[in-house]
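As a plain string of letters, each chain reads:
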Amino acid sequence: MSIEQLINDCKKNDIKAQEQLYRDYAPKLFSVCLKYSRNYTEAQDNLQDGFLLIFEKLRLYSFKGSFDGWLKRVMINHILQLYRKETFLRLVNEEVTEAEEIEIEEEAVPLEYLMKIIQELPDRYRLVFNLFAIDGYSHQEIAEMLNINIGTSKSNLSRARMILKEKIEHNMGNSTIPSVK
């Protein structure tokens, strides 16, 4: 079945098509959820709720642009909407520190460990870091998405990088990166 047919069947609330869409895209979207969630369980919840929203909004998809990109954007916006309801985004000092580039050997830090320490970042830092460094949004876009100032976005990114750098350097200094299970 073509992706166009699958989408059209999902728009008609065909349960088998919705199940197929979920099976095809859940793994990719779960990795998005993991990046923006506090932990694995929250990511699972966000995935389930996000798919309900996707099925609800699928009628708005007009086959313009990448379907993968559309799904990812819906999922990210869903998760950000959950965080907007919380107060953690409101109290941030807007003092912008100069962003420091982090240079580490790629093989030196296992991806699982890197994902783990990113998930451990405070919510506001994790969201800004993922939006900017991983998903390529600008500070202007992040500010609009999170209802914060551009300076707050820059400051949160800088602090996230400093925390990550400190954790990586600390663990590399001990010459052991903790195993992630």
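The rules behind the values
- Residues numbered from 1 in each chain as written.
- Predicted model: local features only at pLDDT ≥ 70, side-chain atom pairs only at ≥ 80, totals over all residues.
- Heavy atoms only, no water.
- Helix = DSSP H or I, 4+ residues; strand = E, 2+ residues; numbered from the N terminus.
- Expected span 1.5 Å × (residues − 1).
- Buried < 20%, exposed > 50% of the residue type's maximum accessible area, 1.4 Å probe, protein only.
- Contact = heavy atoms within 4.5 Å.
- Polar contact = N/O pair within 3.5 Å; in protein donor to acceptor, adjacent residues only side chain to side chain.
- Salt bridge = Lys/Arg side-chain N within 4 Å of Asp/Glu carboxyl O.
- Phe/Tyr/Trp six-rings, centres within 6.5 Å; stacked < 30°, edge-to-face > 60°.
- Lys NZ or Arg CZ within 6 Å of the ring centre and 35° of its normal.
- Core = buried A, V, L, I, M, F, W, Y, C linked by side-chain atoms within 4.5 Å.

Can you break down helix 4 (residues 67–84) residue by residue, with the values?
For helix 4, built from 18 residues, the straight-helix expectation of 26 Å at 1.5 Å per residue is met to within 8% by its first-to-last C-alpha distance of 25 Å. Of all the positions in helix 4, only F67, W70, L71, V74, M75, I76, H78, I79, L80 and Y83 are classed as buried. The elements touched by buried residues of helix 4 are helix 1 (3–11), helix 2 (15–36), helix 3 (40–57), helix 6 (123–134) and helix 7 (139–146). At the N-terminal end of helix 4, a side-chain oxygen is found 3.2 Å from the backbone nitrogen of D68, two or three residues along, and the residue is S66.

Account for the environment of Y125, naming residues and giving values.
Mapping Y125 onto the fold places it in helix 6. For Y125, a relative accessible area of 9% translates into the label buried. Considered as a pair, Y125 and S153 are 28 residues apart in the sequence and their alpha carbons are 8.6 Å apart. Once residues within four sequence positions are removed from consideration, Y125 is found in contact with N156, R159, A160 and I163.

Got a sec to walk through the pattern of salt bridges? Specific residues and values, please.
According to the stated counting rule, one finds 10 salt bridges in the structure shown. Across the salt bridge formed by K35 and D135, the nearest N and O atoms sit 2.9 Å from each other. Of this pair, K35 sits in helix 2 while D135 is found in the loop between helix 6 and helix 7, placing the two residues 100 residues apart along the sequence. In this pair, the class of K35 matches that of D135, namely buried. One salt bridge in this structure joins E42 and R38, with 2.7 Å as the shortest N-O distance. Among the ionic contacts, a cluster of salt bridges with common partners joins R38, E42, D123 and R126.

Now, about the packing of aromatic side chains: what can you tell me, with residues and values included?
In the structure shown here, the tally under the stated rule is 8 aromatic pairs. Three or more aromatic residues joined by ring pairs form one cluster here, namely Y25, Y61, F63, F67 and W70. Directly above the aromatic system of Y125 lies the positively charged group of R124, at a separation of 5.0 Å from the ring centroid.

I'd like a description of the nonpolar core, backed by residues and values.
Counting 48 residues, the largest nonpolar core has F51, F67, M75 and L131 as the members making the most contacts within it. Of all the secondary-structure elements, those providing two or more residues to this core are helix 1, helix 2, helix 3, helix 4, helix 5 (111–119), helix 6, helix 7 and helix 8 (150–173). The residues touching M75, leaving out its near neighbours within four places in the chain, are L29, V32, C33, N46, L47, G50, F51 and I54.

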